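What follows is the residue order along each chain.
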Amino acid sequence: MLRDSKIFVAGHRGLVGSAILRRLRSEGHEQIITSTRADLDLRDQAQVRAFFREVRPEFIFLAAAKVGGILANSRYPADFIRDNLLIQTNVIDAAYGNGCKKLLFLGSSCIYPKHAPQPIKEEYLLTGPLETSNHAYAVAKIAGIEMVKSYRRQYGWSGVCLQPTNLYGPGDNFDLQSSHVLPALMCKLHEGKVSGADQVTVWGSGMPRREFLHADDLAEAALFAMNHYDDDEILNVGVGTECTIRELAELLSRTVGYRGDLHFDTTKPDGTPRKLLDVSRINAAGWRARISLEEGVRSTYAWYLENVAKPAAP
Ligand code: GFB
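Keep in mind that what you see is a predicted model, and the values were worked out from it rather than measured. (Residues numbered from 1 in each chain as written. Predicted model: local features only at pLDDT ≥ 70, side-chain atom pairs only at ≥ 80, totals over all residues. Heavy atoms only, no water.)

*Asks:* Where do I start with the pattern of salt bridges in this structure?
*Replies:* Close approach of charged atoms allows side chains with opposite charge to pair. Within the structure shown, the criterion is met by 19 salt bridges. We note a salt bridge from E220 to R23, for which the minimum N-O separation is 3.7 Å. Residue E220 is found in helix α7 (residues 215-228), and its partner R23 is found in helix α1 (residues 15-26); the two are separated by 197 residues along the sequence. For R23, a relative accessible area of 25% corresponds to the partly exposed category. With its nearest N and O atoms 3.8 Å apart, the salt bridge here joins R49 to D93. In this pair, R49 sits in helix α2 (residues 45-55) while D93 sits in helix α4 (residues 77-97), placing the two residues 44 residues apart along the sequence. (Salt bridge = Lys/Arg side-chain N within 4 Å of Asp/Glu carboxyl O. Helix = DSSP H or I, 4+ residues; strand = E, 2+ residues; numbered from the N terminus. Buried < 20%, exposed > 50% of the residue type's maximum accessible area, 1.4 Å probe, protein only.)

*Asks:* Explain the environment of S195 to me, please; I cannot follow it from the model alone.
*Replies:* The residue S195 is located in helix α6 (residues 181-195) in this model. Under the relative-accessibility criterion, S195 is labelled exposed at 57%. For S195 and I234, which are 39 residues apart along the polypeptide, the C-alpha to C-alpha distance reads 46 Å.

*Asks:* Hey, could you run me through the packing of aromatic side chains in this one?
*Replies:* Geometrically, a pair of aromatic rings is defined through the distance of the ring centres and the angle of the planes. If you walk through the whole model with that rule in mind, you get 12 aromatic pairs. A centroid spacing of 4.9 Å and a plane angle of 50° characterise the contact between F8 and F51, whose relative ring orientation is tilted. Placement of the pair is F8 in strand β1 (residues 6-10) and F51 in helix α2, with a sequence separation of 43 residues. Summarising the burial analysis for this pair, F8 and F51 share the class buried. (Phe/Tyr/Trp six-rings, centres within 6.5 Å; stacked < 30°, edge-to-face > 60°.)

*Asks:* Teacher, can you tell me more about the site of the ligand here?
*Replies:* If you check the shell around the ligand, you find 23 residues, and the closest are I70, K188, R210, P269 and D270. Backbone polar atom of I70 to an oxygen atom of the ligand: 2.8 Å apart, as the coordinates give it. At 2.9 Å, a backbone N or O of V181 approaches an oxygen atom of the ligand. Coverage of the ligand by the protein chains reaches 97% of its 700 Å² of free accessible surface. Of all the secondary structure elements, the ones that give two or more residues to the shell around the ligand are α3 (70-75), α6 and β7 (199-203). Top element by residues in the shell around the ligand is α6. It accounts for four residues. Classifying every residue of the shell around the ligand by side-chain character gives 11 nonpolar, eight polar and four charged. (Near = heavy atom within 4 Å. Polar contact = N/O pair within 3.5 Å; in protein donor to acceptor, adjacent residues only side chain to side chain. Areas by Shrake-Rupley, 256 points an atom, 1.4 Å probe, with all protein chains shown as cover. Nonpolar A, V, L, I, M, F, W, Y, C, P; charged D, E, K, R; others polar.)

*Asks:* Quick question: what am I supposed to make of the side chain of S253 here?
*Replies:* Mapped onto the elements of the fold, S253 is located in helix α8 (residues 245-256). Overall, S253 belongs to the buried group, its relative accessible area being 10%. Those residues in contact with S253 that lie beyond four places of it in its chain are L189, Y258 and L262. (Contact = heavy atoms within 4.5 Å.)

*Asks:* What exactly am I supposed to notice about the pairing of strand β5 (residues 158-164) here?
*Replies:* In terms of burial, β5 is largely enclosed, as seven of its seven residues are buried. Along β5, one buried face is formed by S158, V160, L162 and P164 and the opposite face, lined by G159, C161 and Q163, is buried too. Both strand β4 (residues 102-106) and β5 contribute to a ladder of five bridges, which runs parallel. Residue pairing in the sheet places L106 in a bridge with L162 of β5. You can see the chain leave β4, run along helix α5 (residues 135-155) and come back into β5, and the turn it takes is right-handed. (Pairing = 2+ DSSP bridges. Right-handed = clockwise from strand over helix to strand, strands pointing away.)

*Asks:* Explain the nonpolar core to me, please; I cannot follow it from the model alone.
*Replies:* Across soluble globular proteins, nonpolar side chains have a tendency to be buried as a group. I20, F52, F61, V91, L103, L104 and L162 are the most contacted members of the largest nonpolar core, which has 74 residues in total. Counting residues per element, this core draws most heavily on α7, which supplies nine residues. Among the nonpolar cores identified, the runner-up in size contains 24 residues, and C243, A249, F264 and L293 belong to it. (Core = buried A, V, L, I, M, F, W, Y, C linked by side-chain atoms within 4.5 Å.)

Honestly, it's all geometry; don't read function into it.
Dropping the structure here:
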């Protein structure tokens, strides 16, 4: 990408899209295009085609998606598969037909089989059954990957696919019904501290293991891939280390200053037992995550206090 390249960030208000936008701006890109859902509904093929015919972006970061945590994925599978298939199909096809030089598609670590060997290598894709709680979302993302690869194979078009691990950071969704675990627990523990609660509920057994990547690290990886990676093979993006949900809850308790107990509600689902990505391929290509979980959680909590937390009653 050159400084004056026309770059479209789809989903610029989300956790990932907003991080990519910050990164592009900080690197001096001058022609960044964004569009809100009110102006351009990416699920609507006619709108998407008209937009691409008119704007003709050269580079596209496809960070628009319907995303959510384990509960939202289990409750609304139809929304997850429909919205994601529509968004990605419309954008990829219109981008290809309207002069786009390269598109970056974002998948997810949940595309891999539930019982994949750990750490998960890219080649384990489609080697076993998926986790049930986010099956619909994962199938949509796998279809997106296949579409990007097929356009490369049939038309010689440059699309690349990154598979990020669980993400967090400023701009995350803190709504307890639809969020992922890190923002959910940050919010619950903060509110527990403010209200002086004796205990805070953590869903599941606390035993599942997850890997957490800061959105700013992902944004850096996305720009790196756009500029330096052009291959059919998907690329995992993660930090290469993991922790249990209990350990995460303890780290968050220390960060927010919550001193009560943690109650593990085992009526809630655990989801996949472990999801640690093998990041040797992207490391070998020249990129590595930089933000430690401790540092990332600290800065995200500062953002949360500034932007989300309700001020304490006088
Ligand atoms: O982040 P999360 O919702 O999704 O949950 P997944 C991770 C783990 O944290 C599960 C536990 O074992 C949850 O039961 N957990 C504990 C909580 N307390 C809470 C809480 O208050 N809220 C939430 N949300 N979880 C997602 C997929 O799976 O991973 C998406 O659903 C996406 O499709 C994303 O792929 C990366 O890590 O299980």
